[in-house]
Amino acid sequence: MRVVVQNDINRARGDRAHANPRRRAGARGALAALALAALVSGCGQPGSGAAVHPAQGAQPLHAPPARALDSYASKLRAAYAARVAAAKRWGLAKVPLTAPPAPARKPEITARKGFEVDDQEELNLPPVFTTIPTTKKIVFLTIDDGENKDPAFLRMMSDLKIPYTAFLSNYLVKDDYGYFRKMQAQGHTINNHTLTHPYLPGLSYAEQRHEICGMQDIMKKQFGKAPTVFRPPYGNYNHDTLVAAKSCGIKYAPIWDEEVFVDHWEYREDDRSLHPGDIVLTHFRGREDWKGTMVDDMRRFLGKVTAEGYAVARLEDYL
């Protein structure tokens, strides 16, 4: 490279002898630019076997190895195959759909219109709502009280990877807190549904507060923390209910838009349909109360939501 540069310099000098001053100035500029380019490129350096470095700011590419992509694809295939097998094992006609990731920014939750109480906003009381504001085709499964403790239900929901939220009443769960600890260990959320499941508007403020705060204390002792989500029994509440709930650390009071039983569905809305973000209610019940088991109940629930293109999402991911 040094020979090439020197030849170019010699030619430039020869041309300069016959050029006018303006052309000689141009030749000198070209010569300087040529020399600078040689130096920058490293070609003008003695023994220029040195490595050529990338321009400042250039970054090497980091393409993942094909093996990593293959491994990821294999894991996805294996996970789906497991869901297919689980759906077949539990008697489902279709594989339940997988919910989208939790939103990076959670939606603003306000009281449903007509479900407010006096001073709802002024006192920042827990909102009562039946639907999460979203356009995604997701619904939320919630299960109340805790009377029936079917181990097959735990296995089914674990196998199928279906999230749900349980609202517990102490008088029904105190004989087997361990069952609900297993539920909690599987990643499901357990929330407050009072001590004895009373009709709260028929109680005094102090009595309501005892029902809600008393359950908070038990849940903290038995399950490690007091929840911030509470469902009033029967979906009934008044101003005192929400004031008492707030004083006990409650931030949200969801109820429901649909209720599923082993043999039928019930709807709050006149259109009798599922909607994006709807909260669905069912209960911990078995053959002693219904014409079937909790597994039968979940089979009906999952059959409908999957057939209509809905996935089941985790309620607390949106609160």
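Cut-offs applied
Residues numbered from 1 in each chain as written. Predicted model: local features only at pLDDT ≥ 70, side-chain atom pairs only at ≥ 80, totals over all residues. Heavy atoms only, no water. Helix = DSSP H or I, 4+ residues; strand = E, 2+ residues; numbered from the N terminus. Buried < 20%, exposed > 50% of the residue type's maximum accessible area, 1.4 Å probe, protein only. Expected span 1.5 Å × (residues − 1). Axes fitted to C-alpha atoms, helices over the stretch in contact; angles between N-to-C directions. Parallel < 35°, antiparallel > 145°, perpendicular 65-115°, else oblique. Contact = heavy atoms within 4.5 Å. Nonpolar A, V, L, I, M, F, W, Y, C, P; charged D, E, K, R; others polar. Phe/Tyr/Trp six-rings, centres within 6.5 Å; stacked < 30°, edge-to-face > 60°. Lys NZ or Arg CZ within 6 Å of the ring centre and 35° of its normal. Polar contact = N/O pair within 3.5 Å; in protein donor to acceptor, adjacent residues only side chain to side chain. Salt bridge = Lys/Arg side-chain N within 4 Å of Asp/Glu carboxyl O. Patch = residues over 30% accessible without salt bridge, like charges linked within 9 Å, V, L, I, M, F, W, Y side chains within 5 Å. Areas by Shrake-Rupley, 256 points an atom, 1.4 Å probe, with all protein chains shown as cover. Lys, Arg positive; Asp, Glu negative; His and termini not counted. Charge placed at Lys NZ, Arg CZ, Asp CG, Glu CD.

1. Things to note about the overall build of the protein
For the protein, the helix and strand inventory stands at nine helices and nine strands. Classification of the 319 residues of the protein by burial places 42% in the buried group.

2. Structural notes on helix α3 (residues 66-89)
The end-to-end C-alpha distance of α3 is 34 Å, a good match for the 34 Å that 24 residues give at a rise of 1.5 Å each. For α3, every residue scored as buried is listed here: Arg83, Ala86 and Ala87. Just downstream of α3, glycine 91 is the residue with a positive phi angle, here 75°.

3. Things to note about the packing of helix α6 (residues 177-185) against helix α7 (residues 205-223)
Two elements in contact, α6 and α7, have axes separated by 11 Å at closest approach and are oriented at 70°. Between α6 and α7, the angle falls in the class roughly perpendicular. Of the residues in α7, those in contact with Tyr177, Phe180, Arg181 and Gln184 of α6 are Ile218, Gln222 and Phe223. Its residues assigned to classes, the contact of α6 with α7 shows four nonpolar, two polar and one charged.

4. A short note on the packing of aromatic side chains
Under the definition given, this model contains ten aromatic pairs. Both rings, one in phenylalanine 180 and one in phenylalanine 284, keep their centres 5.8 Å apart while their planes meet at 85°; by these two values the pair is edge-to-face. Pair noted here: phenylalanine 180 is in helix α6 and phenylalanine 284 is in the loop between β8 (279-283) and α9 (294-307), with a separation of 104 residues, a long-range link. In this structure phenylalanine 284 comes out as buried when scored by relative accessible area, which is 0%. Here the aromatic cluster, defined as three or more aromatic residues joined through ring pairs, consists of Phe153, Tyr164, Tyr179, Phe180 and Phe284. Across the ring face of tyrosine 310, the terminal group of lysine 137 is positioned such that the distance to the ring centre comes to 4.6 Å. Seen from the ring of tryptophan 265, lysine 304 lies directly overhead, with NZ or CZ sitting 5.6 Å from the centre.

5. Some thoughts on the side chain of threonine 142
Tracing the backbone through its elements, the reader meets threonine 142 in strand β2 (residues 138-145). Its relative accessible area of 0% is what places threonine 142 among the buried residues. In terms of polar contacts, threonine 142 uses its side chain to reach the side chain of arginine 231, at 2.9 Å. Setting aside residues up to four positions removed in sequence, threonine 142 forms contacts with Thr165, Phe167, Arg231, Ile279, Val280, Leu281, Thr282 and Leu315.

6. Some details on the pattern of salt bridges
Enumeration according to the criterion identifies twelve salt bridges in this entry. Among the ionic pairs, arginine 112 bridges to aspartate 257, the shortest N-O distance being 3.3 Å. Placement of arginine 112 in the loop between α3 and β1 (128-129) and of aspartate 257 in the loop between β5 (253-254) and β6 (258-260) is noted, with a sequence separation of 145 residues between them. On the accessibility criterion, arginine 112 (24% relative accessible area) is partly exposed. Between arginine 314 and aspartate 317 there is a salt bridge whose closest N-O contact spans 2.8 Å. A residue is classified by how much of its surface remains accessible, and arginine 314, at 29% relative accessible area, is partly exposed. Under the relative-accessibility criterion, aspartate 317 is labelled partly exposed at 24%.

7. Description of a negative patch on the surface
A contiguous patch of negative charge on the surface is contributed by Glu116, Asp118, Asp119, Glu121 and Glu122. Residue placement: aspartate 118 occurs in the loop between α3 and β1.

8. A few points about the environment of aspartate 150
Counting through the fold element by element, aspartate 150 comes out in the loop between β2 and α4 (151-160). Separated by 136 residues in sequence, aspartate 150 and glycine 286 place their C-alpha atoms 7.9 Å apart. When neighbours within four sequence positions are excluded, aspartate 150 is seen to be in contact with Tyr179, Thr293, Met294 and Val295.

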